[in-house]
Amino acid sequence: SWTNDLLTLNLKKIEQTCTGAVACQIIEYMFPGSVNLKRVNWEARSDYEYVANWKLVQEAFNRNSISRYIDVDKIVRGKYQDNLEFMQWLKA
């Protein structure tokens, strides 16, 4: 819900954040200039496309000295708990 409000999105389930596109937007919102949003695959539909988006998130973390490990293999599976934990961490 907070992601929908912050980014004017219409996500129905937390699992929809598994693509990494929402995380890219949030990081760019928090640290302007950190993520080249033109490189984000907004239409990602498969794991390898999701992984490319998550690499952008990790690069942004590195640029901003954020030492958080992202377990991409778990997140891209689209499981509720894994995606919820990461989004809660981002919100905090």
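Residues numbered from 1 in each chain as written. Predicted model: local features only at pLDDT ≥ 70, side-chain atom pairs only at ≥ 80, totals over all residues. Heavy atoms only, no water.

Looking at the nonpolar core
Here's step 1: In terms of nonpolar packing, the biggest core is built from 26 residues, with I27, W54, V57, F61, I70, F86 and L90 touching the most fellow members.
Here's step 2: Those elements giving two or more residues to this core turn out to be α2 (21–30), α3 (47–63), α4 (72–75) and α5 (80–91).
Here's step 3: Aside from chain neighbours lying at most four places away, what touches I70 is W54, V57, Q58, F61, I75 and F86. (Core = buried A, V, L, I, M, F, W, Y, C linked by side-chain atoms within 4.5 Å. Buried < 20%, exposed > 50% of the residue type's maximum accessible area, 1.4 Å probe, protein only. Helix = DSSP H or I, 4+ residues; strand = E, 2+ residues; numbered from the N terminus. Contact = heavy atoms within 4.5 Å.)

A closer look at the layout of surface pockets
Here's step 1: Each pocket or cavity is described by its volume, and for the largest pocket that value is around 220 Å³.
Here's step 2: Lining the largest pocket are 13 residues, with Q16, T19, A21, V22 and W42 sitting closest to its centre.
Here's step 3: Ranked by residues supplied to the lining of the largest pocket, first place goes to α2 with three residues. (1 Å grid on protein atoms, 1.4 Å probe; cavity = no way out; pocket = protein on both sides within 12 Å on 5 of 7 lines; lining within 4 Å. Points joined across faces, edges and corners; volume = space filled by probe spheres on them.)

Overview of the confidence of the model for the chain
Here's step 1: The pLDDT averaged across the chain works out to 92; a share of 99% of its residues lies at or above 70.
Here's step 2: α3 holds the highest mean pLDDT among the elements of the chain, 96, whereas helix α1 (residues 2–7) holds the lowest, 76. (pLDDT = per-residue confidence, 0-100.)

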